[in-house]
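What follows is the residue order along each chain.
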Amino acid sequence: MRKILFENLVKWPVTEAAPEPDDAAVAELAESVNRAALARLGRSLAIREVDAGSCNGCELEIHALNNAIYDLERFGLRFVASPRHADVLMVTGPLTKNMREALERTYAATPDPKWVVAVGDCAADGGIFAGSYAVTGGVDKVVPVDLRIRGCPPDPLALLKGLLALMEPERKPEARTDS
């Protein structure tokens, strides 16, 4: 045991290097979303993330939008703690029976105009959990969905592209944004 401990203290961790971000593409995309939100709402976009019973893969990608690489706050996009301050509900996971009422209440508490984005395959149609006794199905079984962002999980750039598609009225909101 002592030998293994000393060997591990000397070795470097075995991890992959972080991918090099394309700062220009991220900045341009986030600026486009912010401009579209200002044109459509007259202010920046406020997002509320709602977990309807997911495995947390999509949440990790959504939270990556706030990390040092993407840093959406610098473009005026922000996540809010209350649905009363939100413009967009980003719902993840298959809608479980236990979370149905919570999602209905969150949707009702969000002021108009409001948009619902189903993030990931599970939110879109139940994903691998479809048919389970504990799952109602996709988010659209309870609240109207304006945009589905497919993927398991979708990466942060796909999420940004989806928000842009949602904010620009000339784009079709049902556009598939798989990565």
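Whatever comes next refers back to the structure up there.
Let us look at the structure shown here. Not measured: the values here are computed from a predicted model.

Cut-offs used in this document
Residues numbered from 1 in each chain as written. Predicted model: local features only at pLDDT ≥ 70, side-chain atom pairs only at ≥ 80, totals over all residues. Heavy atoms only, no water. Disulfide = S-S within 2.5 Å. Buried < 20%, exposed > 50% of the residue type's maximum accessible area, 1.4 Å probe, protein only. Helix = DSSP H or I, 4+ residues; strand = E, 2+ residues; numbered from the N terminus. Pairing = 2+ DSSP bridges.

**Quick look at the state of the cysteines**
Right, on to step 1. For the structure shown, the criterion picks out 0 disulfides.
Right, on to step 2. Lacking any disulfide linkage, C58 is separated from the closest cysteine sulfur, that of C55, by 6.4 Å.

**Focus: the pairing of strand β5 (residues 115-119)**
Right, on to step 1. With 5 of 5 residues buried, β5 is to be regarded as a mostly interior element.
Right, on to step 2. Burial along β5 is two-sided: the residues W115, V117 and V119 and V116 and A118 are all buried.
Right, on to step 3. Relative to β5, strand β3 (residues 88-92) runs parallel, the two sharing 5 bridges. Its bridge partner lying in β5, L89 is registered against V116.

**A look at unusual backbone geometry**
Glycine aside, negative phi is the norm for most residues, and most peptide bonds take the trans geometry.
Right, on to step 1. Here D112 and P113 are connected by a cis peptide whose omega angle stands at -5°.
Right, on to step 2. Residue placement: P113 occurs in the loop between α4 (100-109) and β5.
Right, on to step 3. Look at the link from C152 to P153: it is a cis peptide, with omega at -15°.
Right, on to step 4. Examined against the element boundaries, P153 turns out to sit in the loop between β7 (147-149) and α6 (156-167).
Right, on to step 5. In this structure, N56 takes a positive phi of about 80° despite not being glycine.
Right, on to step 6. Considering the arrangement of structural elements, one finds N56 in the loop between β1 (46-51) and α3 (57-64).
Right, on to step 7. Taking relative accessible area as the criterion, N56 reaches 40% and is therefore assigned partly exposed.

Limitation: the analysis is restricted to geometry and does not speak to function.
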